[in-house]
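Structural description and commentary
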Amino acid sequence: MALIYDLPVFNDVYQLALRLFQVTTNFPREYKFTIGQDMKRDCIVLVRYIYRANKTKEKYQHLEQFLDYFEVLKFEIRLCADLKLITIKEQADLSAKMESIGRQITAWRNASGKGQNLQG
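The rules behind these values
- For every chain, the first residue of its written sequence is number 1, and the numbers climb from 1 along that sequence.
- Totals for whole chains, interfaces and linings use every residue, but because this is a predicted model, local features are given only for residues with pLDDT of at least 70 and side-chain atom pairs only at 80 or more, for both listing and counting.
- Side-chain figures throughout are based on the complete set of non-hydrogen atoms in the structure, without hydrogens or water.
- For this analysis, a salt bridge means a side-chain nitrogen from Lys or Arg found within 4 Å of a carboxyl oxygen belonging to Asp or Glu.
- Only DSSP runs of H or I reaching four residues or more are called helices, and only runs of E reaching two or more are called strands; each is numbered from the N terminus.
- Classification of residues uses two cut-offs on accessible area relative to the type maximum, computed with a 1.4 Å probe and protein chains only: under 20% is buried, over 50% is exposed, and between them is partly exposed.
- Every residue pair with non-hydrogen atoms within 4.5 Å of one another is taken to be in contact.
- Neither His nor the chain ends is counted toward charge; the positive residues are Lys and Arg and the negative residues Asp and Glu.
- To estimate the expected span of a helix, count its residues, drop one, and scale the result by 1.5 Å.
- One confidence number per residue, pLDDT, is output by the predictor and ranges from 0 to 100.
- For helices, the fitted axis covers only the stretch in contact; all axes are lines through C-alpha atoms, and the angles between them, taken along N-to-C directions, range from 0 to 180 degrees.
- If an angle is under 35 degrees, it is roughly parallel; if it is over 145, roughly antiparallel; if it lies from 65 to 115, roughly perpendicular; otherwise it is oblique.
- Throughout, a crossing is termed right-handed when the near helix is turned clockwise from the far one, and left-handed when it is turned anticlockwise from it by less than a right angle.
- Residue polarity follows a fixed list, in which Ala, Val, Leu, Ile, Met, Phe, Trp, Tyr, Cys and Pro are nonpolar, Asp, Glu, Lys and Arg are charged, and the others, Gly among them, are polar.

Moving on, we get to the pattern of salt bridges. Counted under the stated rule, the structure contains nine salt bridges. A salt bridge links arginine 41 to aspartate 38, with the nearest nitrogen and oxygen atoms 3.1 Å apart. Here arginine 41 and its partner aspartate 38 are both found in helix α2 (residues 29-55), three residues apart, which amounts to about one turn of the helix. Look at aspartate 38 and you get partly exposed, because its relative accessible area is 29%.

What follows is the structure in structure tokens.
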């Protein structure tokens, strides 16, 4: 088992979190403490699921939960772009990072063996 800090996907999620913390500082007050807080929290939850998947043999469930939060975060970023809270360039940068993360997690989940880890 690799240390979580050595995982490329962890480093990408960390970079995503840093970027989200930066862009949300410019949100109007109305959005800073609603969608801004939610996005930051959801990104931190992603780290939790990477940690859990990395420390257990039954990774599939944790990676599925990661992907659930990940889809919500994608929606939140799109919503921010539509509300003009982030620029098109910021959205493109965030989307590129998220695409890389999504590919890594999906590959990890598929390699973890779906059938043996689905219980209950």
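Here we take up the environment of isoleucine 86. Looking at the element boundaries, isoleucine 86 is found in the loop between α3 (60-82) and α4 (88-111). Judged by relative accessible area, isoleucine 86 falls into the buried class, the value being 6%. Residues isoleucine 86 and threonine 24, 62 residues apart in the sequence, show an inter-C-alpha distance of 8.4 Å. If we skip the residues at most four places from it in the chain, isoleucine 86 touches Val23, Phe27, Ile77, Cys80, Ala81, Gln91 and Leu94.

Let us look at the side chain of lysine 40. Relative to the elements of secondary structure, lysine 40 occurs in helix α2. For the buried lysine 40, no salt bridge exists, and the shortest N-O distance to an oppositely charged side chain is 10 Å, to aspartate 38.

Let us now look at α2. Between the first and last C-alpha of α2 there are 38 Å, a value that for 27 residues agrees with the 39 Å anticipated at 1.5 Å per step. Inspection of α2 places Ile35, Gly36, Met39, Lys40, Asp42, Cys43, Val45, Leu46, Tyr49, Ile50, Ala53 and Asn54 among the buried residues, and these make up the whole buried set. Close packing links the buried residues of α2 with α1 (8-24), α3 and α4.

In this section: the confidence of the model for the protein chain. The share of residues in the protein chain with pLDDT of 70 or more is 92%, and the mean pLDDT across the chain is 92. Scored below 50 in pLDDT, residues 115-120 shows six contacts in the model against residues more than four places distant or in partner chains.

For α3, with 23 residues, the first-to-last C-alpha span of 33 Å sits near the 33 Å given by 1.5 Å per residue. Here α3 has its buried residues at Tyr60, His62, Leu63, Phe66, Leu67, Phe70, Leu73, Glu76, Ile77, Cys80 and Ala81. Looking one or two residues past α3, lysine 84 carries a phi angle of roughly 65°, positive in sign.

Our focus in this paragraph is unusual backbone geometry. Positive phi, normally seen in glycine, also occurs at lysine 84, with a value near 65°. Its location among the elements puts lysine 84 in the loop between α3 and α4.

Now for the packing of α1 against α4. For the pair α1 and α4, interaxial distance at closest approach is 10 Å and the crossing angle is 155°. When the axis of α1 is compared with that of α4, the two are roughly antiparallel. In this structure, α1 meets α4 at a crossing whose hand is left-handed. Packed against α1, whose contacting residues are Pro8, Val9, Asp12, Val13, Gln15, Leu16, Arg19, Leu20 and Val23, the element α4 presents Glu90, Leu94, Lys97, Met98, Ser100, Ile101, Gln104, Ile105 and Trp108 at the interface. A class-by-class count of the residues in the contact of α1 with α4 yields 11 nonpolar, three polar and four charged.

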